[in-house]
Amino acid sequence: TFLTAQWSIESYRINYDAGEGSVSPTYDDVSYGNRITLPTPTRTGYTFNGWRYGSTNYTGSYTVPDFGDNGATVTFTAQWSLESYTINYDANGGSVSPDSDTVNYNESITLPTPTRTGYTFNGWEYENTNYTGSYTVPDFGNNGASVTFTAQWTADKYTITFDEVGGSEVSDIVDYTIESTITFPSTTKAGYDFVNWQVTRADGNWTNGATFNANTTTTDKYGNVTLTAQWDYHTYTVTLNPNGGEVSPTSIKVTYQST
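**Details of the packing of aromatic side chains**
Here's step 1: Across all of its chains, the model carries 33 aromatic pairs by this definition.
Here's step 2: Each residue in the set Y12, Y16, F48, W51, Y53, Y58, Y62, F67, F76 and W80 is aromatic and connected to the rest through ring pairs, giving one cluster.
Here's step 3: When the ring centre of Y27 is taken as origin, the NZ or CZ atom of R13, which lies over that ring, is 4.0 Å away.

**Observations concerning the sheet that holds strand 4 (residues 46–53)**
Here's step 1: The strand order across the open sheet formed by 5 strands is 2-1-7-4-5, and the pairing between neighbours is mixed. Edge positions in the open sheet fall to strand 2 (27–31) and strand 5 (56–58), since each of these has one partner strand only. Direction aside, neighbouring strands of the sheet carry axes that sit 35° apart on average.
Here's step 2: Bridging between strand 4 and strand 5 involves 3 bridges; their strand directions are antiparallel. Paired with R52 across the bridge in strand 5 is N57.

**Digging into the pattern of salt bridges**
Here's step 1: Evaluated as defined, the whole model comprises 3 salt bridges.
Here's step 2: For D29, the salt bridge is made with R13, and the minimal N-O distance between the two is 2.7 Å. Of this pair, D29 sits in strand 2 while R13 sits in strand 1 (residues 11–17), placing them 16 residues apart in sequence.
Here's step 3: According to the relative accessible area criterion, D29 is exposed, its value standing at 52%.
Here's step 4: Residue classification places R13 among the partly exposed residues on the basis of a relative accessible area of 31%.
Here's step 5: Note that R43 and E20 form a salt bridge whose closest N and O atoms lie 3.2 Å from each other. Here R43 is found in the loop between strand 3 (35–37) and strand 4, whereas its partner E20 is found in the loop between strand 1 and strand 2, with 23 residues between them in sequence.

**Remarks on the side chain of R43**
Here's step 1: Given the relative accessible area of 18%, R43 is considered buried.
Here's step 2: With near-sequence residues (within four places) excluded, R43 lies in contact with E20, G21 and W80.

**Brief notes about the sheet that holds strand 11 (residues 119–126)**
Here's step 1: Strand order in the open sheet formed by 5 strands is 9-8-14-11-12, with mixed pairing between adjacent strands. With one partner strand each, in any of the chains shown, strand 9 (100–104) and strand 12 (129–131) form the two edges of the open sheet. Averaged over all neighbouring strand pairs, the angle between strand axes comes to 35°, with direction disregarded.
Here's step 2: When strand 8 (residues 84–90) meets strand 14 (residues 146–155), the two strands line up parallel, connected through 5 bridges. Across the sheet, residue I87 finds its bridge partner in strand 14, namely V147.

Criteria and cut-off values
- Residues numbered from 1 in each chain as written.
- Predicted model: local features only at pLDDT ≥ 70, side-chain atom pairs only at ≥ 80, totals over all residues.
- Heavy atoms only, no water.
- Phe/Tyr/Trp six-rings, centres within 6.5 Å; stacked < 30°, edge-to-face > 60°.
- Lys NZ or Arg CZ within 6 Å of the ring centre and 35° of its normal.
- Pairing = 2+ DSSP bridges.
- Helix = DSSP H or I, 4+ residues; strand = E, 2+ residues; numbered from the N terminus.
- Axes fitted to C-alpha atoms, helices over the stretch in contact; angles between N-to-C directions.
- Salt bridge = Lys/Arg side-chain N within 4 Å of Asp/Glu carboxyl O.
- Buried < 20%, exposed > 50% of the residue type's maximum accessible area, 1.4 Å probe, protein only.
- Contact = heavy atoms within 4.5 Å.

Here it is in structure tokens:
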């Protein structure tokens, strides 16, 4: 008489501990020798590095080993590493230092402040939102992701004041910016010839003593400035008619208000 051994395959439960992440399903009921696909957990700002069981990490396809007694329960624990990213700073016509930062998810950083002559900084634009100062790094996607923050600017406004020194009135140029093209006006004054406009009070990149002719233009200027009209006496020619007599010279040059 022969006695034949009877066997039943052992079954186990694998619990998935995602830690601060999430996973679905949270467990699998499996049998010895089964080939299963381990789930992939997610965690904002972290990269999944595998399920730790014993001293080994597992991902993807997994062949169920002998976990001991039938009905045994084991726990696979998710392993995570903090994601890091690169933030590039596009100063958009200005200058900035540093021009990039290597950061970690959820890290609190201080965004740099760029500079640009003639402009006010309005923040770093990223995905239609502007940021300045303290910034908490969000999840930018995959570990090693690179993003670009672009500086936003508003051109500063300045005033050009004209001192006609008795000449005909001209309108001051109000709210011009470094992007403006400036046309210098003309003015008149009885008995005088207009020479030019001279800078007599300078801010920004205007230079004291610099001169500009009427009806000419300049660009890339910024700062409040006063331009003062410079005048020369007008010269006249007086022709002498001796009316039958003689005179020498027959004409003389004279200037306004001269004797």
